[in-house]
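Each chain, written out:
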Amino acid sequence: MLMTDEWLTIIEHAEELTKIIATSEVVEQYNKAHTAVYSNEDLVQEIKVFAALKERYEEVQRFGRYHPDYNIVMKDIRIKKRALDMNEQVAALRLAENDVQYLFDEIGSIVANSVSESVKVPAGSAFFTDSSCGSGCGSGGSCSCSA
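Just so you know, these numbers come straight off a predicted model, no measurement behind them.

Engineer: Give me the lowdown on the overall build of the protein chain, citing residues and values where you can.
Structural biologist: Across its full length, the protein chain holds 5 helices and 0 strands. Counting all 147 residues of the protein chain, 18% fall into the buried class. Considering only intrachain contacts with a sequence separation of at least 6, the fraction spanning at least 24 residues in the protein chain is 47%. Roughly 11700 Å² of accessible area belongs to the protein chain as shown, and the carbon and sulfur atoms make up 56% of that amount.

The following block contains the structure:
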């Protein structure tokens with residue numbers, strides 16, 4: 001592939017967009033939330049414990065209810081997840097992650113639509129986005145949209 005003026009312009013615009021995103025308020029809030037979570041040693045330790053418990057959970061899931069530690073692991077992981085979810089710093093980080101993801105989804109849609117209206121862009125979770133298609137286009141034809 002040859003480098004043309006058109007490609008150079010695209011690369012320059014992409015670099016400019018990257019700088020704008022990196023300095024945006026949404027990303028700054030994410031960075032603050034991330035720093036708040038991962039600078040707290042107690043919270044980092046809780047996250048490591050949860051990660052280890054998650055590995056144990058995956059092992060137990062291979063055998064399901066027949067695993068001897070099934071009930072214990074299921075109870076422990078629910079308790080630990082609830083404790084992490086209720087932590088204000090973790091909740092703030094999750095909200096900030098969602099905001100950054102929404103920003104990326106919006107930018108992806110804008111870029112895709114600037115190329116062509118027929119470009120399909122996977123974006124976000126269908127459960128949390130506002131859509132005129134009540135049940136979604138993947139619902140086997142029961143969608144009411146015109147796609």
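Engineer: Account for helix 3 (residues 41-63), with residues named and values stated.
Structural biologist: For helix 3, built from 23 residues, the straight-helix expectation of 33 Å at 1.5 Å per residue is met to within 8% by its first-to-last C-alpha distance of 34 Å. Buried within helix 3 are the following residues: Leu43, Val44, Phe50, Leu53 and Val60. For helix 3, the secondary structure elements touched by its buried residues are helix 2 (25-38), helix 4 (70-86) and helix 5 (88-115). The N-cap of helix 3, judged by a side-chain oxygen 3.1 Å from the amide nitrogen of Asp42 a few residues on, is Asn40. Among the residues trailing helix 3, Gly64 stands out with phi positive, at a value near 65°.

Engineer: Go over the nonpolar core with me, naming the residues and quoting the values.
Structural biologist: Ala33, Val37, Leu43, Phe50, Leu53, Ile77, Leu84, Val90, Leu93 and Ala96 together form the largest nonpolar core, which totals 10 residues. Every element with two or more residues in this core is listed here: helix 2, helix 3, helix 4 and helix 5. Leu84 has contacts with Leu43, Glu46, Ile47, Phe50 and Val90, leaving out every residue within four places of it along the chain.

Engineer: Run through the pattern of salt bridges, naming residues and quoting values.
Structural biologist: Taken as a whole and assessed by the stated rule, the structure comprises 4 salt bridges. The partner of Glu59 in a salt bridge is Arg56, and the shortest N-O contact between them spans 3.0 Å. With a gap of 3 residues between them, Glu59 and Arg56 both fall in helix 3, about one helical turn apart. The partner of Arg56 in a salt bridge is Asp69, with the nearest N and O atoms 2.2 Å apart. You can see Arg56 sitting in helix 3 and its partner Asp69 sitting in the loop between helix 3 and helix 4, a full 13 residues away along the chain. Exposure remark for Arg56: the relative accessible area of 27% places this residue in the partly exposed category. The network of salt bridges with shared partners includes Arg56, Glu59 and Asp69.

Engineer: If you had to explain a nonpolar patch on the surface to someone new, which residues and values would you point to?
Structural biologist: On the surface, Met3, Trp7, Leu8, Ile10 and Ile11 cluster together into a nonpolar patch covering about 460 Å² of accessible area. Structurally, the position occupied by Ile11 is in helix 1 (residues 5-22).

What counts and what doesn't
- Residues numbered from 1 in each chain as written.
- Predicted model: local features only at pLDDT ≥ 70, side-chain atom pairs only at ≥ 80, totals over all residues.
- Heavy atoms only, no water.
- Helix = DSSP H or I, 4+ residues; strand = E, 2+ residues; numbered from the N terminus.
- Buried < 20%, exposed > 50% of the residue type's maximum accessible area, 1.4 Å probe, protein only.
- Contact = heavy atoms within 4.5 Å.
- Areas by Shrake-Rupley, 256 points an atom, 1.4 Å probe, with all protein chains shown as cover.
- Expected span 1.5 Å × (residues − 1).
- Polar contact = N/O pair within 3.5 Å; in protein donor to acceptor, adjacent residues only side chain to side chain.
- Core = buried A, V, L, I, M, F, W, Y, C linked by side-chain atoms within 4.5 Å.
- Salt bridge = Lys/Arg side-chain N within 4 Å of Asp/Glu carboxyl O.
- Patch = residues over 30% accessible without salt bridge, like charges linked within 9 Å, V, L, I, M, F, W, Y side chains within 5 Å.

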